[in-house]
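# Per-entry structural report
Listed here are the chains, written in short residue letters.
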Amino acid sequence: MVRLIMGVKGSGKTKQLIELINNAAKDEPGNVVCIEPKKELTYDIDYNIRLIASNEYTLPTYEVFQGFLSGIYAGNYDITHIFIDSLTKIVPSEATSLEVENFLDWLNNFGEDNNIKFTVTISADESLASDGVKKYF
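Model, not experiment: these values are computed from the prediction. (Residues numbered from 1 in each chain as written. Predicted model: local features only at pLDDT ≥ 70, side-chain atom pairs only at ≥ 80, totals over all residues. Heavy atoms only, no water.)

### Comments concerning the layout of surface pockets
For the record, the criterion: Of the grid points, spaced at 1 Å and generated over the protein atoms alone, those admitting a 1.4 Å probe that cannot get out make up cavities, while open sets with protein on both sides within 12 Å along at least five of seven lines make up pockets; any residue with an atom within 4 Å of a point is treated as lining. Grid points are joined across faces, edges and corners, and a volume is the space filled by probe spheres set on the points. Helix numbering and strand numbering both begin at the N terminus, where a helix is a DSSP run of H or I of at least 4 residues and a strand a DSSP run of E of at least 2. As a working rule, the residues Ala, Val, Leu, Ile, Met, Phe, Trp, Tyr, Cys and Pro are called nonpolar, Asp, Glu, Lys and Arg charged, and the rest polar, with Gly in that last group.
Quantified by volume, the largest pocket comes out at close to 400 Å³. Elements with a contribution of two residues or more to the lining of the largest pocket: α1 (13-27), α3 (87-90) and β5 (117-123). In the lining of the largest pocket, the residues fall into six nonpolar, nine polar and seven charged. Taken as a whole, the second largest pocket encloses approximately 170 Å³ of empty space. Taken together, Met6, Thr88, Ser97, Val100, Ile122, Ser123, Ala124, Asp125, Leu128, Ala129, Ser130 and Val133 make up the full set of residues lining the second largest pocket. Elements with a minimum of two residues in the lining of the second largest pocket: α4 (97-114) and β5. Grouping the amino acids of the lining of the second largest pocket by side-chain chemistry returns seven nonpolar, four polar and one charged.

Written as structure tokens, this is what we have:
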């Protein structure tokens, strides 16, 4: 399952994400992971959350990021929820809307196959999202 939170900068995405992460720390039966561009949420989220700063790794494409996520899961099958903050900053490519759609579809399938929930944020105007992206709102 994929849940997408999309909005322009300053629209409250991060505040909403922090609340969701901290609730997941209490409610999820397994481990929770948060991937963000830089370690900025360290003091805002529960200490039980595995925080990963993506700038410590080279993630130039969505295919590489898929391998990264697969590797995280392969190292810990107890993960039940992964939060991805600022997807388009983590994968800084000139991604097209179709590439983002394909990545979200892959996340959804990977999540269903492995019982993992994904919550993803993207900084962009919701009205610009394609129908393939909107289905994850």
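### Structural notes on the sheet that holds β5
Here is the rule: Paired strands, in this sense, are two strands between which DSSP finds at least two bridges. For helices, the fitted axis covers only the stretch in contact; all axes are lines through C-alpha atoms, and the angles between them, taken along N-to-C directions, range from 0 to 180 degrees. The contact rule is simple, with two residues in contact once any of their heavy atoms fall within 4.5 Å.
Pairing is parallel across the open sheet formed by five strands, whose spatial order is β1-β5-β4-β2-β3. Each of the sheet's edge strands pairs with one partner strand only, and the pair in question is β1 (2-7) and β3 (50-53). When strand polarity is set aside, the average angle formed by the axes of neighbouring strands in this sheet is 15°. In terms of strand pairing, β1 meets β5 through six bridges, oriented parallel. Its bridge partner lying in β5, glycine 7 is registered against serine 123. With respect to the sheet, helix α2 (residues 62-75) is in contact with β2 (31-36), β3 and β4 (79-84), its orientation differing from that of β4 by roughly 145°. Its contacts with the sheet put α4 on β1, β4 and β5, and the angle it makes with β5 is roughly 165°.

### So, α2
Condition: By this rule the span expected of a helix is its residue count minus one, scaled by 1.5 Å. Burial classes: relative accessible area under 20% of the type maximum marks a residue as buried, over 50% as exposed, and values in between as partly exposed (1.4 Å probe, protein chains only). Throughout, the arc means that of the directions going from the helix axis to the C-beta atoms.
A rise of 1.5 Å per residue sets the reference length of α2, with its 14 residues, at 20 Å; its end C-alpha atoms lie 20 Å apart and thus fit the reference within 8%. Those residues of α2 lying buried are Tyr62, Phe65, Gln66, Phe68, Leu69, Ile72 and Tyr73. Taken down its axis, α2 places every buried residue within 160° of arc, on the same side. Turned more than 90 degrees from where α2 packs its buried face, Glu63 and Gly75 sit exposed. Summarising the contacts, the buried residues of α2 are in contact with β2, β3, β4, α3 and α4.

### Quick word on the packing of aromatic side chains
Which entries qualify depends on this criterion: Working definition: a ring pair exists when centres of Phe, Tyr or Trp rings (six-membered ring for Trp) sit within 6.5 Å. Plane angles under 30 degrees give stacked, over 60 give edge-to-face, the rest tilted.
Applying the stated rule across the entire model yields nine aromatic pairs. Measuring from centroid to centroid gives 5.5 Å for phenylalanine 65 and phenylalanine 103, while their planes differ by 20°, and the two rings are stacked. Within this pair, whereas phenylalanine 65 is found in helix α2, its partner phenylalanine 103 is found in helix α4, the two being separated by 38 residues in sequence. The pair formed by phenylalanine 65 and phenylalanine 103 is uniform in burial state, with each residue classed as buried.

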